[in-house]
Amino acid sequence: MSELYYPGLENVIASETRISFLDVDNEEIVLRGYDLIELAHKVTYLDIVFLLLNGNLPNEEQYKGLEQDLKREAGLPKETIQLLRLLPKNTHLMDVLRTGISALAGEETEIDDRSWAANYRKSIRLLAKVPQIVADSFRAVNNQDPIEPRQDLSYSANFMYMITGQVPTETEAKIFDQSLIVYSEHEMPNSTFTARVIASTQADIIGALTGAVASLKGTLHGGANEAVMHMLLEAGAVDKMEPLILGKLSRKERIMGFGHRVYMKKPDPRALLMKEALQPLATAKGQEHLYQMCLIGEEVMYREKGLHPNLDYYAAPVYYLLGIPIDLFTPVFLAARTIGVCAHVIEQHENNRLFRPRVLYSGPRNLHP
Ligand SMILES: CC(=O)SCCNC(=O)CCNC(=O)[C@H](O)C(C)(C)COP(=O)(O)OP(=O)(O)OC[C@H]1O[C@@H](n2cnc3c(N)ncnc32)[C@H](O)[C@@H]1OP(=O)(O)O
Ligand SMILES: O=C([O-])CC(=O)C(=O)O
């Protein structure tokens, strides 16, 4: 047996994929051959959904078809809505979301069909329902009735509407759509790996996504966007940002929203896109200080640790200014990432080998009871 051991599987290639690749040297996130940042400037989230599922961008007819399929599948089973309201009111929203997604399995008529066509149809159903579970998770723990999806709004505008109860402006919906694009897929993060590991036992796509939710909750992964916002609110003013970060660093605390296993000391291209969106948004909302605080945080972390912000650092204040409750930041990330996870599960099912690694055993031997 090979004795190769890489803690945290750092730099280990775990899968062959045609979905995406982080080309760190060229600062490019490759999505099915396209540059993710260029896509975020030129197309919509539903184009990305089509691209990730089919391998090519949709023409107009295909785009409309996808939109109609998603609208047709919108709406939650009443049992799911009731279930979310039975959970204790202090349940973390990622746990509400995990439970809600898991419960969809009972309604799914094709649950154990792993063919490409059935997995495609199940992905569409998940993409139609997950945003509503996200929005309703917040309402359920706050004793509010669900907001029904609106068929006349775009996918992203409707998602925002179900969360806030307000129809967003065109600019707000565009920024939110861009955020969903940059969160949609990112090669082999912990949550996607988790989903592929689950799928490799020939388990179903809903089970794999449920596992991904559990993974994404952690603050070293998706949970960082909520932690960033709490840090910004804790600082509260431009002149408090530097002392807050220096204090945390002196106590050896991690500063959320900085660093990345793959980018390491290189910038995360997605963070820059959200930073560009934040500046005019902050000005428009009369919250320019949030942008200034972020700039100071970025300067301090580069000076002190040589670390760049990751996507979560700039997505957090953007979501805050779009009126999204902080507890929903990570659930929204998961909703955006649902398509990436589905694409990976489909690929895993199409070309499967069971994940089953070995260990470097360092425990005792030859004990006897
Ligand atoms: C969308 C996403 O999921 S992006 C990730 C979101 N997560 C965060 O923002 C959480 C904060 N960041 C981190 O904890 C890390 O950067 C991770 C977990 C993302 C990646 O970490 P790893 O690749 O495992 O790197 P590791 O933990 O070994 O850190 C390497 C060094 O950088 C330091 N470091 C890394 N990130 C940070 C940080 N955010 N704050 C302070 N120090 C940090 C570590 O202390 C360590 O320093 P040392 O060598 O002096 O001990
Ligand atoms: O790639 C990672 O490890 C984490 C990340 O940025 C993401 O999932 O978007």
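Above this text is the structure in question.
Not measured: the values here are computed from a predicted model.

Here's the deal with the site of ligand 2
Reasoning step 1: The immediate surroundings of ligand 2 are formed by H186, P189, H221, H260, R270, F333 and R337.
Reasoning step 2: Contact distances for ligand 2 include 2.8 Å between an oxygen atom and a side-chain N or O atom of H260.
Reasoning step 3: For ligand 2, an oxygen atom lies 2.8 Å from a polar atom in the side chain of R337.
Reasoning step 4: In isolation ligand 2 offers 260 Å² of accessible surface; the protein chains occlude 83% of this area.

Focus: the packing of helix α12 (residues 238-250) against helix α14 (residues 288-305)
The packing of two helices is summarised by the inter-axis angle and the distance between the axes.
Reasoning step 1: Where α12 contacts α14, the axes come no closer than 9 Å and their chain directions differ by 35°. α12 and α14 meet at a crossing whose hand is right-handed. On the side of α12, the interface is formed by V238, M241, E242, I245, L246 and L249, while α14 contributes H289, Q292, M293, I296, G297, V300, M301, R303, E304 and K305.

A few points about the pattern of salt bridges
Reasoning step 1: Summed over the entire model, instances satisfying the criterion amount to 21 salt bridges.
Reasoning step 2: The salt bridge involving E253 is made with R251; its shortest N-O contact spans 2.9 Å.
Reasoning step 3: Notably, a salt bridge pairs E298 with K275, separated by 3.1 Å at the nearest N-O pair. With a gap of 23 residues between them, E298 in helix α14 and K275 in helix α13 (residues 269-284) connect regions that are remote in the sequence. Residue E298 shares its accessibility class with K275, and that shared class is buried.
Reasoning step 4: Each member of the salt-bridge network shares a partner with another, and the members are E73, E108, E110, R121 and R125.

Some remarks on the site of ligand 1
Reasoning step 1: Taken together, 19 residues lie around ligand 1, and R254, I255, G257, F258 and R261 are the ones closest in.
Reasoning step 2: Here an oxygen atom of ligand 1 sits 2.7 Å away from a polar atom, N or O, in the side chain of R254.
Reasoning step 3: One of the backbone N or O atoms of I255 is found 2.7 Å from a nitrogen atom in ligand 1.
Reasoning step 4: Burial of ligand 1 by the protein amounts to 67% of the accessible area it has alone, namely 920 Å².
Reasoning step 5: Its residues assigned to classes, the shell around ligand 1 shows eight nonpolar, seven polar and four charged.

Focus: the pairing of strand β1 (residues 20-23)
Reasoning step 1: Judged from the four bridges that link them, β1 and strand β2 (residues 28-31) form a sheet pairing that is antiparallel. Bridge assignment links F21 to a residue of β2, and that residue is V30.
Reasoning step 2: A loop of four residues connects β1 with β2, the two strands running antiparallel in sequence, and E27 in this loop sits at a positive phi of about 50°.

So, the packing of aromatic side chains
Reasoning step 1: Summed over the entire model, instances satisfying the criterion amount to 10 aromatic pairs.
Reasoning step 2: Here a set of aromatic residues connected by ring pairs shows up, and it is made of F159, F176, Y183, Y319, F329 and F333.
Reasoning step 3: We note R150 situated over the ring of Y161; from NZ or CZ to the ring centre the distance is 5.3 Å.

Remarks on the packing of helix α7 (residues 155-164) against helix α8 (residues 170-183)
Reasoning step 1: Contact geometry of α7 with α8 gives a least axis separation of 9 Å together with a crossing angle of 100°. Taken together, the axes of α7 and α8 are roughly perpendicular relative to one another. For the pair formed by α7 and α8, the contact residues are S156, A157, F159 and M160 on the first element and E172, A173, F176, D177 and L180 on the second.

Overview of the sheet that holds β1
Reasoning step 1: In spatial order, the strands read β1-β2-β3; together these three strands make up an open sheet with antiparallel pairing. Each edge of the open sheet carries a strand with a single partner, namely β1 and β3 (34-35).
Reasoning step 2: As paired strands, β2 and β3 are joined by two bridges and run antiparallel to one another. Bridge pairing in β3 links L31 to Y34.

Some points on helix α16 (residues 329-350)
Reasoning step 1: For α16, built from 22 residues, the straight-helix expectation of 32 Å at 1.5 Å per residue is met to within 8% by its first-to-last C-alpha distance of 32 Å.
Reasoning step 2: The sharpest bend along α16 measures roughly 45° and falls at R337.

Regarding a positive patch on the surface
Reasoning step 1: Together, K252, R254, K265 and K305 make up a region of like positive charge exposed at the surface.
Reasoning step 2: Residue placement: K265 occurs in the loop between α12 and α13.

Quick word on the side chain of D23
Reasoning step 1: Looking at the secondary structure, you find D23 in strand β1.
Reasoning step 2: K266 is the oppositely charged side chain nearest to the buried, salt-bridge-free D23, at an N-O distance of 8.0 Å.
Reasoning step 3: Once residues lying within four places of it in the same chain are set aside, the contact partners of D23 are E28 and V30.

Cut-offs applied
- Residues numbered from 1 in each chain as written.
- Chains lettered and ligands numbered in written order.
- Predicted model: local features only at pLDDT ≥ 70, side-chain atom pairs only at ≥ 80, totals over all residues.
- Heavy atoms only, no water.
- Near = heavy atom within 4 Å.
- Polar contact = N/O pair within 3.5 Å; in protein donor to acceptor, adjacent residues only side chain to side chain.
- Areas by Shrake-Rupley, 256 points an atom, 1.4 Å probe, with all protein chains shown as cover.
- Axes fitted to C-alpha atoms, helices over the stretch in contact; angles between N-to-C directions.
- Helix = DSSP H or I, 4+ residues; strand = E, 2+ residues; numbered from the N terminus.
- Left-handed = near helix turned anticlockwise from the far one by under 90°.
- Contact = heavy atoms within 4.5 Å.
- Salt bridge = Lys/Arg side-chain N within 4 Å of Asp/Glu carboxyl O.
- Buried < 20%, exposed > 50% of the residue type's maximum accessible area, 1.4 Å probe, protein only.
- Nonpolar A, V, L, I, M, F, W, Y, C, P; charged D, E, K, R; others polar.
- Pairing = 2+ DSSP bridges.
- Phe/Tyr/Trp six-rings, centres within 6.5 Å; stacked < 30°, edge-to-face > 60°.
- Lys NZ or Arg CZ within 6 Å of the ring centre and 35° of its normal.
- Parallel < 35°, antiparallel > 145°, perpendicular 65-115°, else oblique.
- Expected span 1.5 Å × (residues − 1).
- Bend = angle between axes of the 7 residues up to and from the residue.
- Patch = residues over 30% accessible without salt bridge, like charges linked within 9 Å, V, L, I, M, F, W, Y side chains within 5 Å.
- Lys, Arg positive; Asp, Glu negative; His and termini not counted.
- Charge placed at Lys NZ, Arg CZ, Asp CG, Glu CD.

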